[in-house]
Amino acid sequence: MCAASTGKMGRVGFAALRSFRAIFLSSSQSGSGRSISRLAAAAVVSACLGVGLGGCSRLRPKPTTQYVYVTAKQTFLRDRVAAVSNRTATVENGDKLQVLEHGRRFVKVQTAKGEQGWIDEKVVATQEIFDQFDGLKQAHQSDPAVASAVVRDEVYLHARPGRDTDRFYRLAEGEKLKLLKRATLPKPVPPGMKLAAPATAAVVGKDGKAAGAAPELPAPPAMEDWWLVRDSKGDTGWLYSRMMDVDAPDAITRYAEGQRIVGAYVLTTVNDPEAEQADKDIPVYVTVLSPYKAGLTYDFDQVRVFTWNVKKHRYETGFRDRNIEGYLPVEMKMAADPYGKSPTATVAAPTFSYRVLSDEAGPVIPDPTTGAVVPGKMVLKTYRLEGNLVRRVIEPGTTAPGEAHPEQVAEKKKATAKTRRHK
């Protein structure tokens, strides 16, 4: 019981008790006895309860206001839940609606403009889901982008990597995105389908004949990649990688040679007055590429620099680093060479850096729950563009640290030697 009503009831109750005492004494003298005393007691109790309940009702907190948020691209509110109804308002993705009443499958809501109507609960998100996305936005609003991309088709952002996770914001086709980080998870198996049978291999004896079958090995699960992205409005969420394309100019995508461009970055520009392009300041690009395969434990396996040939007015490969396990981001800046002794070394030049997995690092295994790919020890590689020459920045007399390779170098050398012997 609240404190205010308790004090008030105490004062009234005390007065009632004094009246009850007087009634009791008079009834005893008059012989009325028990019947009158019972009536007096009931009156006192009623008075006390009335004061207590009246005081608490005024201070009882009102129920909190509930909100839902529209997840559909666009939908309508209707005046009643029936086969035939009238539209009362139009709402769009992300709109905040106040809940007035809950039905069986519909919710009666009110818009910010005061329009009221019923809406299907399948096309709205709860406050809890909205808070998840707002938390992502706040946590990653200052994260630097590692690449840019464009949405292929209308698609939803998810609260976590995975097709069955909560979704909210709907992106339009052509929306520009900033990529923040990647996650890779096993691809869900459609209902009614089974995983691929375990692989078996024949065991060959010393005489070259089959000696039986090796123990069955479980087939690796199919994987899919997800990216944490930020759109032009700052909304943040996870997006299936196949629903977007990395933003790279057509002038260099033709040179991808069957690989996927993961990121394209402008290192500097070269002025070519005779170039066919309207803009005569031609960008020099640093690109990172990877195979068209999901579930890789690295972001890219090749770095390629496209320089501009002023005489031939075309792009050419000025640098290439292959068979590496590289990780985003790629850093671009103007810097001098701290180890160089030539006069040009002290002059700031276009410089780029990236990290690759060290040969001393252990196997990289994606987190089975979050899909996060966290490499171990890495090697920082830095290069400067001097004219059209790309040169590594490294202390003279030192040996470059060893690097991990997706394809074993020793096996490649053996295969090359074997090919040469057969020629």
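Computed from a prediction, not measured in an experiment: that's the story for all the values here. (Residues numbered from 1 in each chain as written. Predicted model: local features only at pLDDT ≥ 70, side-chain atom pairs only at ≥ 80, totals over all residues. Heavy atoms only, no water.)

### A closer look at the overall build of the protein
Secondary structure summary: the protein contains 5 helices and 23 strands in total. The buried share of the protein, taken over its 423 residues, is 35%. Of the roughly 26100 Å² that the protein leaves accessible, carbon and sulfur atoms contribute 54%. (Helix = DSSP H or I, 4+ residues; strand = E, 2+ residues; numbered from the N terminus. Buried < 20%, exposed > 50% of the residue type's maximum accessible area, 1.4 Å probe, protein only. Areas by Shrake-Rupley, 256 points an atom, 1.4 Å probe, with all protein chains shown as cover.)

### Considering the pairing of strand 8 (residues 147–151)
Of the two faces of strand 8, only the one carrying Ala147, Ala149 and Val151 is buried; Ser148 and Val150 on the other face are not. Here strand 8 pairs with strand 16 (residues 244–246) via 3 bridges, running antiparallel. Of the residues in strand 16, the one forming a bridge with Val151 is Met244. (Pairing = 2+ DSSP bridges.)

### Description of the pattern of salt bridges
Counting across every chain of the model gives 20 salt bridges. Between Asp79 and Arg80 there is a salt bridge whose closest N-O contact spans 3.0 Å. The exposure class assigned to Asp79 is partly exposed, which follows from its relative accessible area of 32%. For Arg170, the salt bridge is made with Glu154, and the minimal N-O distance between the two is 2.9 Å. Taken together, the residues span a long stretch of sequence, with Arg170 in strand 10 (residues 167–171) and Glu154 in the loop between strand 8 and strand 9 (155–158) at a distance of 16 residues. Put simply, Asp337, Arg384, Glu386 and Arg391 are held in one network by salt bridges that share partners. (Salt bridge = Lys/Arg side-chain N within 4 Å of Asp/Glu carboxyl O.)

### A few points about the environment of Pro406
As for its placement among the helices and strands, Pro406 is situated in the loop between strand 23 (389–392) and helix 5 (409–422). Non-local contacts of Pro406, meaning those with residues more than four positions away in its chain, are made with Tyr298, Asp301, Asn323, Ile324 and Glu325. (Contact = heavy atoms within 4.5 Å.)

### Considerations on the confidence of the model for the protein
In low-pLDDT segments, the atomic positions of the prediction should not be examined closely. On average, residues of the protein score 84 in pLDDT, and 75% of them reach the 70 mark or higher. Taken element by element, the predicted model of the protein shows its lowest mean pLDDT in helix 1 (residues 3–30) (48) and its highest in strand 21 (residues 349–357) (98). Across residues 51–55, where pLDDT falls below 50, the model places 8 contacts with residues more than four positions away in sequence or in other chains. In this model residues 417–423 is a low-confidence stretch, pLDDT under 50, and it forms 0 contacts with partners more than four residues away in sequence or in other chains. (pLDDT = per-residue confidence, 0-100.)

### Details of helix 3 (residues 127–140)
An ideal rise of 1.5 Å per residue puts 20 Å on 14 residues; helix 3 measures up with 20 Å between its terminal C-alpha atoms. Looking only at helix 3, the buried set comprises Ile129, Phe130, Phe133, Leu136 and His140. Down the axis of helix 3, the buried set is contained in an arc of 120°. They therefore lie on one face. Turned more than 90 degrees from where helix 3 packs its buried face, Glu128 and Ala139 sit exposed. (Expected span 1.5 Å × (residues − 1). Arc of directions from axis to C-beta.)

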